[in-house]
Each structure stands twice: as C-alpha cells, then as structure tokens.
Amino acid sequence: MDYEVEKKSPGHHYVSGFGSFADFIASDEDKSTTIYRQFARLAARDLLYYQSELMELEALQDQYDIEDAKDVEDFQKLDLGGIIRAHSRDWNTFKNSVPGRSGPNAPAVPDERWKKRIDLAMKIRQTLRDYQEALIRQSTLASLPRPSKQTMTALSNYFHTRTSITHGSASASQQQTTITYPTLTGASSNLYATGMTEAQIRLSDLISLSRPADPDEPLTHFLKTYCSRLFREVKESPFLPSRAISHLPSRQVARYSLTRIQVAVSFIATFFAAALLFLPIAVLRTSSSQHVTLGLIALFVALFAIAILLMTNARRAEIFGACAAYAAVLVVFVSGDFGSWH
C-alpha cells in the first residue's frame, strides 16, 4: 500500500502530516482545537505598505488639484479653465474624458492630463478598498480570543510526538533518550511550541476560532482544568479513523466534552440557587434571637455573593444589586417577628 497518498474514505490511513493533523483538528466536536497563528507582524507590515501607498497616491492627487487650481486662475488659459471646471464638477465628463471608459461623447484623441487623473482615481478606489478590507479583517482577528492553556497543551502534545530510543547493548547498561518529532517539518515545525505558559500564550499571536459565548466563570474553569477526567468521552469521534497513522494512536487521544461540563455547571448552579433560597427559610425560623438572626442573614448574603462570583460572570455592580435584593427578601421574611424580641 502506498502510504504517501492520503485517502479520504473512512477507515483508511492518514500519513502523519497535514492530513492527520487537519483530521485531528476537525474531529473536535467543540472546535476548541481550531487554533492558528494570525501572523500579526506580517499583517502590520502589510497595513503599513497599504498606508504608504495611499499616502503617495494622496500626495499625487493633491499635486493634480494644485495644478488644476493654478490653471483655472490663469487668465491666459480661459479655455483650459472652462474644461477643468467641467471635469471637476461633472462625473460623466470626467469619466468619459478617456476613450474606452464608457459613453459616446469620449474624445477621439485621449487627453493625457485627464487620463492620468482618471487612472489615479481608479487606483485610489481599488487600493482604498483593499486597505479598508484589510483593516476590517485585522480588527476581526484582533477580537478573537486566545486559546486556553489546557487546550494549547493538548494540541502541542499531539503536534509533537515523543519517541524513546534505547542506547547500549543488552549486556551493558542501557540508556533511553527521548526525541521529539513535529508533525510538520521545515519552518512549520515551530508552529505550536511545547510548554507554553499562560503569559506566553497571551503574548503570542495564536488565536482560537472557537469563540465562547461568555468568558468562563471560575466554576467552569475549575471543572475544565482540574476535573476534566470526569467528563472524558469514552466513545471515539466518528471523524477520526481507528487505523489513522498519526503522531498519537487514537487510544492515547483523550477527548473531554465541553457540553457535559456546561451541563454540570448548570446543575450545580441550580442546586445552590435553590439551596440558598430554602435553607435560610428553614434556619431563620428556628432562630429566637435578633442578634443571631441578623448574623445568619449576613452569613447567607455572603454565601450568596460568593456563589454568584464563582458560578456567573456577573459584574461587581450586578453582584451588589443581587445581594441587596437577596438581603431584602430575607429581612422581609423575618420582619414579622422583630416585635417579639423587645
């Protein structure tokens, strides 16, 4: 069998390289492995080229405008002044001043003056359009999130395979050396560095195309980072062939479902929301002291604030408002018994 040819039909082999790595990225159900470089340095250079080109075109346009203004003010060139005014005020006259543009009124002999100006106008239009589209694309890329350290580590470990080589004879002492082979060679071998810290990921130009609806709250981050084994998918993805030739066998590729983590977070948040509503009712009804009741109210409000902080993405103002409303509900509940304490 020729393993140098990548086959697309399910169950066939993939040569370790672009095909196997692309299959690994595409097989992620949550699309969290769609991590690529945005090449910010090259994009910035390209935008600078566009800027400089437009500056030159703008300078040439200003030069033509100055020439036209001088010729209009020259009383010895009254006929030329009238032509300049006509070309400066009417688009059809300006556009049809060069043969081949459009319109039946184009002159038989092209005027080099207006040919240069119409060519400049078309050049500015195209370059400005390309420049603005490049700005919008770069703005879109700049707003994409950075990959998480956990996902980046998993992707880097898949990209770099580690092979142990044994040195020495069977009779002598043997030593093992670990060698790392990247999936892609050449300059692409440094695409996904190993052992990147969160600070290095933030400083890199790596971006994730999987944009979360909201940033992870502390509870989701904790489950994804420290309890991900609880949400491991036993069933292999149908997109990953069982006999794929890749850097890691399919049995060594662990997949964790973000959907299951989100369901678990929703369940935990719902449980604590219900508990923090009904538990104070049961506890406060047994309290016979005003000071103890006020202390319990403060305790439950603090627990409520901590729960909001850990399980939601609420801002500080929203936390203050929710805590005030929660405290008001508890005070209203016990206010009927305040008179009996005096």
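First, a word on what this report is: a plain description of the structure on this page.

### Some remarks on helix H10 (residues 290-311)
Since one α-helical turn is 3.6 residues long, residues separated by three or four positions face the same way.
Here is step 1 of the chain: A rise of 1.5 Å per residue sets the reference length of H10, with its 22 residues, at 32 Å; its end C-alpha atoms lie 31 Å apart and thus fit the reference within 8%.
Here is step 2 of the chain: Those residues of H10 that fall on the buried side of the exposure criterion are Thr-293, Leu-296, Ile-297, Phe-300, Val-301, Phe-304, Ala-307, Ile-308 and Met-311. Each buried residue of H10 lies within a common arc of 135° when the element is viewed along its axis, so the set occupies one face.
Here is step 3 of the chain: Tucked inside the fold, the buried residues of H10 contact helix H8 (218-226), helix H9 (258-285) and helix H11 (316-334).

### Observations regarding the packing of aromatic side chains
Here is step 1 of the chain: Scanning the model with the defined rule gives 9 aromatic pairs in all.
Here is step 2 of the chain: Taken together, a centroid distance of 5.2 Å and an interplanar angle of 65° make the contact between Phe-21 and Phe-159 edge-to-face. Highlighted residues: Phe-21 in helix H1 (residues 18-26) and Phe-159 in helix H6 (residues 149-159), separated in sequence by 138 residues.
Here is step 3 of the chain: Look at Phe-21 and you get buried, because its relative accessible area is 6%.
Here is step 4 of the chain: Each residue in the set Phe-21, Phe-24, Tyr-158, Phe-159 and Tyr-192 is aromatic and connected to the rest through ring pairs, giving one cluster.
Here is step 5 of the chain: Across from the ring centre of Trp-114, 5.6 Å away, lies the NZ or CZ of Arg-113, which sits over that ring.
Here is step 6 of the chain: The residue whose ring lies beneath Arg-117 is Trp-114, and the NZ or CZ to ring-centre distance is 5.6 Å.

### Notes on unusual backbone geometry
Here is step 1 of the chain: A positive phi angle, near 50°, is found at Phe-39, a position not held by glycine.
Here is step 2 of the chain: As for its position among the elements, Phe-39 is in the loop between strand E1 (35-37) and helix H2 (40-73).
Here is step 3 of the chain: Exposure remark for Phe-39: the relative accessible area of 37% places this residue in the partly exposed category.

What counts and what doesn't
Residues numbered from 1 in each chain as written. Predicted model: local features only at pLDDT ≥ 70, side-chain atom pairs only at ≥ 80, totals over all residues. Heavy atoms only, no water. Helix = DSSP H or I, 4+ residues; strand = E, 2+ residues; numbered from the N terminus. Expected span 1.5 Å × (residues − 1). Buried < 20%, exposed > 50% of the residue type's maximum accessible area, 1.4 Å probe, protein only. Arc of directions from axis to C-beta. Contact = heavy atoms within 4.5 Å. Phe/Tyr/Trp six-rings, centres within 6.5 Å; stacked < 30°, edge-to-face > 60°. Lys NZ or Arg CZ within 6 Å of the ring centre and 35° of its normal.

Honestly, that's just the spatial picture; any functional story needs more than this.
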